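Spelled out from the first residue to the last, the chains are:
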Amino acid sequence: MRAFQRTLIVALLCLLGLAACQRPGVVHRTRGHVFGTKVEVSIYGGSPERAAALSGAVLNEFDRLHHKYHAWQPSMLTSLNDAIARGEPFTADAEMVSLLQSATVVADRSGNLFNPAIGRLIRLWGFQSSDIAAQAPAAADVRRWLDARPRLSDLRYEGNTISSTNKAVMIDLGGYAKGYALDRAALILRQGGVEAALVNVGGNVIAIGQPGGRAWRVGIQDPRAGGALAQVDLRDNEAMGTSGDYQRYFLKDGKRHPHIIDPRSGYPIDLVASVTIITAGGSDAGLRSDGNSKPMFITGPAGWEAMAAQMGLAEVMLIDAQGKAYTTAAMGARLAAARKGGAASK
């Protein structure tokens, strides 16, 4: 068994005991840690052995993606960034090209508020590290990379060969790859014939089918108190993505500096605690749930509604830095329906 599996695949939890696991109403949960966060695969029904095999396949796929798209440890992505810095083309593969091109569409739609090309700014603030430390980069250094105006639209493609017209581009897919991982997990589980499953990657969640007669119920994390601030029901091929200031951040001079950087100013956002969106349908619901949440976080309380409309998002909840909640009408209705519905499967 690979080292990744030995360290990440923990003991299969069968909630009602081994014999009861043969009944269709049992949820088998497998947990691990990848992409710098906790992951959990919940599979409804079937045998514990089948659930363990499918969960293991999902975690192996997460491991593959983690190593391929890592932003600072050696990976295909760092090799691409090194080639861009040298002004040289890089031969990638069809998967990377497709992922970058889809990210470019999101960036363009958001007016580049979603901008994975600002990796140098992310590194400047110390967020390309497993151990984030408080720091304050020089204003001149921030301005240098702002003035370089790196964009995903600077990339050029010839088959699977990628080049850039701007050497300042450094791609960081930390705000996009988890969503892609959800879609890959959903594909693996559907091909495995699962009746229902729920995959959670650090608060980004995708639902497959439904466990019995009810939808999957998931919590939206309270960005300050911990635990669930609210709950929603997710149905087949619905995904929920949350961008928050509470996982990767540092405190300096009494101020919180999260890893989400405004590409217009070059500084971390301090007006928003979290943004949660729900997307549905197609083969990329997870991908859309990840990247599309960032522009609302960056525009903040004053502009999030207009940005949600611009991004074509109907279900959005924003919690500002003071703890005030804002929702679209559709998200408010979903939250109210969950409250009215009472207890449900998790």
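Residues numbered from 1 in each chain as written. Predicted model: local features only at pLDDT ≥ 70, side-chain atom pairs only at ≥ 80, totals over all residues. Heavy atoms only, no water.

For the chain, the name recorded in an unreviewed UniProt entry is FAD:protein FMN transferase, with Massilia genomosp. 1 as its organism. For the chain, the Subcellular location (unreviewed entry) comment in UniProt is given as "Cell inner membrane". Under the heading Sequence similarities (unreviewed entry), UniProt records this for the chain: "Belongs to the ApbE family." (UniProt positions renumbered as here; feature names shortened; annotations may be inferred.)

(A) Inspection of the sheet that holds strand β5 (residues 155-158) at higher detail. Taken in spatial order, the 3 strands line up as β4-β6-β5 in an open sheet, and their pairing is antiparallel. The open sheet terminates on both sides in strands that have one partner only, identified here as β4 (90-91) and β5. When β4 meets strand β6 (residues 161-164), the two strands line up antiparallel, connected through 2 bridges. By the bridge assignment for β6, threonine 91 is matched with threonine 161. Against the sheet, helix α4 (residues 94-109) engages β5 and β6, with an angle of about 140 degrees to β5. (Pairing = 2+ DSSP bridges. Helix = DSSP H or I, 4+ residues; strand = E, 2+ residues; numbered from the N terminus. Contact = heavy atoms within 4.5 Å. Axes fitted to C-alpha atoms, helices over the stretch in contact; angles between N-to-C directions.)

(B) Expanded view of the side chain of serine 55. Within the secondary structure layout, serine 55 lies in helix α2 (residues 48-68). Judged by its relative accessible area of 1%, serine 55 is buried. One polar contact links serine 55 to threonine 30, side chain to side chain, over a distance of 3.4 Å. Residues in contact with serine 55, not counting those within four places in the same chain, are Thr30, Val41 and Ile43. (Buried < 20%, exposed > 50% of the residue type's maximum accessible area, 1.4 Å probe, protein only. Polar contact = N/O pair within 3.5 Å; in protein donor to acceptor, adjacent residues only side chain to side chain.)

(C) A look at the nonpolar core. If you look at the biggest cluster of nonpolar residues, it comprises 67 residues, and the most contacted ones within it are Phe62, Leu80, Ile171, Leu173, Leu189, Val199 and Met296. The leading source of residues in this core is helix α7 (residues 177-191), at 8 residues. Each residue touching leucine 173, except ones within four places of it in the same chain, is listed here: Tyr69, Leu77, Leu99, Leu100 and Pro116. (Core = buried A, V, L, I, M, F, W, Y, C linked by side-chain atoms within 4.5 Å.)

(D) How the structure looks around the pairing of strand β14 (residues 272-280). In terms of residue burial, β14 counts as a mostly covered element, since 8 of its 9 residues are buried. With 7 bridges joining them, strand β11 (residues 238-244) and β14 adopt antiparallel strand pairing. From the neighbouring strand, threonine 242 faces β14, where its bridge partner is threonine 276. In this structure, β14 lies alongside strand β15 (residues 315-320), joined through 6 bridges in antiparallel fashion. Bridging from a neighbouring strand, isoleucine 278 pairs with glutamate 315 of β15.

(E) Molecular detail of the layout of surface pockets. When its volume is computed, the second largest pocket comes out at roughly 480 Å³. Taken together, 30 residues line the second largest pocket, and the ones lying closest to its centre are Asp183, Ser283, Asp284, Ala285 and Leu287. If you list the elements that add at least two residues to the lining of the second largest pocket, you get α4, α7, β14 and α8 (285-291). The biggest single contributor to the lining of the second largest pocket is α4, with 7 residues. (1 Å grid on protein atoms, 1.4 Å probe; cavity = no way out; pocket = protein on both sides within 12 Å on 5 of 7 lines; lining within 4 Å. Points joined across faces, edges and corners; volume = space filled by probe spheres on them.)

(F) Here's a closer look at the packing of aromatic side chains. For the coordinates displayed, the defined rule picks out 4 aromatic pairs. For the ring pair tryptophan 125 and tyrosine 267, a centre distance of 5.3 Å and an interplane angle of 70 degrees mean the geometry is edge-to-face. Of the two residues, tryptophan 125 sits in the loop between α5 (119-124) and α6 (139-148) while tyrosine 267 sits in the loop between β13 (255-258) and β14, which places them 142 residues apart along the sequence. Taking relative accessible area as the criterion, tyrosine 267 reaches 34% and is therefore assigned partly exposed. (Phe/Tyr/Trp six-rings, centres within 6.5 Å; stacked < 30°, edge-to-face > 60°.)

(G) Representation of the pattern of salt bridges within the structure. Across all of its chains, the model carries 16 salt bridges by this definition. Close ionic contact of glutamate 95 with arginine 64 constitutes a salt bridge, the shortest N to O distance being 2.8 Å. Here glutamate 95, found in helix α4, pairs with arginine 64, found in helix α2; they are 31 residues apart in sequence, far enough to count as distant. Note on arginine 64: relative accessible area 33%, which makes it partly exposed. Measuring nitrogen to oxygen at the nearest pair gives 2.6 Å for the salt bridge that ties aspartate 93 to lysine 68. Of this pair, aspartate 93 sits in the loop between β4 and α4 while lysine 68 sits in helix α2; the two residues are 25 residues apart in sequence, bridging distant segments of the chain. A residue is classified by how much of its surface remains accessible, and lysine 68, at 10% relative accessible area, is buried. One network of salt bridges, with partners in common, ties together Glu61, Arg64, Lys68, Asp93, Glu95 and Arg184. (Salt bridge = Lys/Arg side-chain N within 4 Å of Asp/Glu carboxyl O.)

(H) View of unusual backbone geometry. The phi angle at asparagine 112 is positive, at roughly 65 degrees, despite the residue not being glycine. Judged by its relative accessible area of 16%, asparagine 112 falls in the buried class. You will see that asparagine 237, though not glycine, has its phi angle at about 65 degrees, which is positive. Within the element layout of this structure, asparagine 237 appears in the loop between β10 (228-234) and β11.

(I) Here's a closer look at the packing of α2 against α7. The geometry of α2 relative to α7 is characterised by a closest axis approach of 10 Å and an angle of 150 degrees between their N-to-C directions. It follows that α2 is roughly antiparallel to α7 by the angle criterion. Of the two possible hands of crossing, α2 and α7 adopt the one that is right-handed. The residues of α7 that touch α2, namely those facing Leu54, Ala57, Val58, Glu61, Phe62, Arg64 and Leu65, are Tyr180, Ala181, Arg184, Ala185, Ile188 and Leu189. Split by residue class, the contact of α2 with α7 holds 10 nonpolar, no polar and 3 charged. (Parallel < 35°, antiparallel > 145°, perpendicular 65-115°, else oblique. Left-handed = near helix turned anticlockwise from the far one by under 90°. Nonpolar A, V, L, I, M, F, W, Y, C, P; charged D, E, K, R; others polar.)

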